[in-house]
Amino acid sequence: MRIEVAETGHTLEQLTPSQGRRLASSGVVDARPSPYEPDLWEITPRGKVGVALVGDVEVWVTPKLSIDRLLFLVGYAVDPKGWRDETVHLDVRDGLIPAVAQALWRQSERALRQGLLQGYRTVEEPSYVLRGRLREGDQLRRHHGRVIPMEIRHDDFTVDIPENQILLAAITRLLTVPRVDGESRRRLAALRARLADVTTLVRGTTLPVWHASRLNTRYHTALRLAEIVWRATSPEHFPGALAANGFLFDLPKIFEDFVTVAVSEELHARYGGAAYPQYNCHLDEALAVRMRPDLVWELNGCPAAVVDAKYKREKPAGYPDADLYQMLAYCTALRLPRGHLIYAKGNAPAASHVVRHAGIEIVCHALDLMLPAERLLSQVRGIVTELASEVQVAQST
């Protein structure tokens, strides 16, 4: 059975009670019995787009964004200087999965063009030949005075390193997703064969940790995309023992990453200072209530501006009040006279609010994600210009 629903809409579907309960507990969509029609369930998206198989029900959540717009945002999420020029013109409903698959094999092929990355990995194993160092404690505990086999620790120069394991995990996972187009399936299968000497991750495990360095620069974009693919296709994110797989982008997180990276780049390039994502601060003097605004810009070691990104539909009367309260708390704790909320554009225009008896202004901006890339980035530059000019005026007075 197949259900289709738009990202910002809902649908009524005839489901059995067990199908409805599976969907309701899956975390993929919100599902609840209709109070008016027996055997009908109301299905509403939860900020994710893509396809997921939950039991015997295939759920398609189609984005309001075109595929090239969505991949543009993802490109910022995975790498500030990554694959923003990757444009795939496909039908929204049937093109999301192929588009992501194409992006993954293109970036992986680019990363492996000079061959598989190799590195040193520490190995502890029993051996009849001494290599590296003898683990004396393990030798005595496990072999009770026998000379061989020897418990040794040594470094291997190998392709079986975290970077290659992450690529293989994402490629393998995406090959299990329905509706991957034929070319992408062949390319991904070929890449999996090239990574045959790399350890395959067991379902349910977390990705190994990798660290960006000069040596693995050519892997950076592919690795960050692979991490998103792993998270977006992971059934382990859904509660309960569900047969759930597919590809689900978390649009609020994608939008938050885009805003954070794009604003940070503009601030650093044009005004200097340091921009910190997920900035750690506290609301109270006892440091018991922690807060993490999406972005804080520091000048001379002190907070100069605070930004929070919100991918959500506004209320008919404007933006949600709770967001204003949250930003007021940020500004108060950071001693800032102004805070900036950046929304995905919907039915309300940009607005600003001056808090009574506090003198703090909260500015709400609206980014139009439907715009071409350059015009969207121009909107970001306008926000950054406004933000920085306010700071410069405050510092000069």
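The numbering scheme is per chain: residues are counted from 1 as the chain's sequence reads. The model is predicted, so local features are restricted to residues of pLDDT at least 70 and side-chain atom pairs to those at 80 or more, both for listing and for counting; the totals for chains, interfaces and linings are taken over all residues. With hydrogens and water stripped out, all remaining heavy atoms of the structure feed into the side-chain values.

**Digging into the pairing of strand S15 (residues 302-310)**
Moving on, step 1. Note on exposure labels: buried denotes an accessible area under 20% of the residue type's maximum, exposed denotes more than 50%, and partly exposed covers the range between, all computed with a 1.4 Å probe on protein chains only. Think of it this way: any DSSP run of H or I at least four residues long counts as a helix, any run of E at least two long counts as a strand, and we number them from the N terminus. Within S15, 7 of the 9 residues are buried, which leaves it mostly tucked inside the rest of the structure.
Moving on, step 2. Bridge analysis of strand S14 (residues 295-299) against S15 gives 5 bridges, and the strand direction is antiparallel. Residue pairing for S15: Glu298 is matched across the bridge by Pro303.
Moving on, step 3. Any two strands between which DSSP finds at least two bridges are classified as paired. Hairpin connection, S14 to S15: the antiparallel pair is bridged by 2 residues, and Asn300 has positive phi, about 55 degrees.
Moving on, step 4. Sheet topology places S15 next to strand S16 (residues 338-344); 4 bridges connect them, and they run parallel. Of the residues in S16, the one forming a bridge with Ala309 is Ile342.

**With respect to the pairing of strand S3 (residues 29-33)**
Moving on, step 1. Inspection of the sheet shows S3 paired to strand S4 (residues 40-45) by 5 bridges, in the antiparallel sense. Paired with Val29 across the strands is Pro45, a residue of S4.
Moving on, step 2. If you look at the hairpin formed by S3 and S4, you'll find 6 residues sitting between the two strands, and Asp39 has a positive phi there, around 70 degrees.

**So, the packing of aromatic side chains**
Moving on, step 1. Paired rings are identified among Phe, Tyr and Trp, the last through its six-membered ring, by centres lying within 6.5 Å, and are further divided according to the angle between planes into stacked (under 30 degrees), edge-to-face (over 60) and tilted (the rest). The full count for this structure, using the stated rule, is 4 aromatic pairs.
Moving on, step 2. Here Phe72 and Phe258 contribute two aromatic rings whose centre-to-centre distance is 6.0 Å and whose plane-to-plane angle is 55 degrees, an arrangement assigned as tilted. Here the residue Phe72 occupies a position in helix H2 (residues 67-78), and Phe258 occupies one in helix H8 (residues 251-271), the gap between them amounting to 186 residues. Note on accessibility: Phe72 and Phe258 belong to one class, buried.
Moving on, step 3. Taking 6.2 Å as the distance between ring centres and 50 degrees as the angle between the ring planes, the aromatic pair formed by Tyr276 and Tyr279 counts as tilted.
Moving on, step 4. Residue classification places Tyr276 among the partly exposed residues on the basis of a relative accessible area of 38%.
Moving on, step 5. Relative accessible area serves as the criterion here: at 15%, Tyr279 is assigned to the buried category.
Moving on, step 6. It is Arg173 that lies over the ring of Trp230; its NZ or CZ is 4.4 Å from the centre. Two conditions define a charge located above a ring, namely a distance within 6 Å from the ring centre to NZ of Lys or CZ of Arg, and an angle within 35 degrees of the ring normal.

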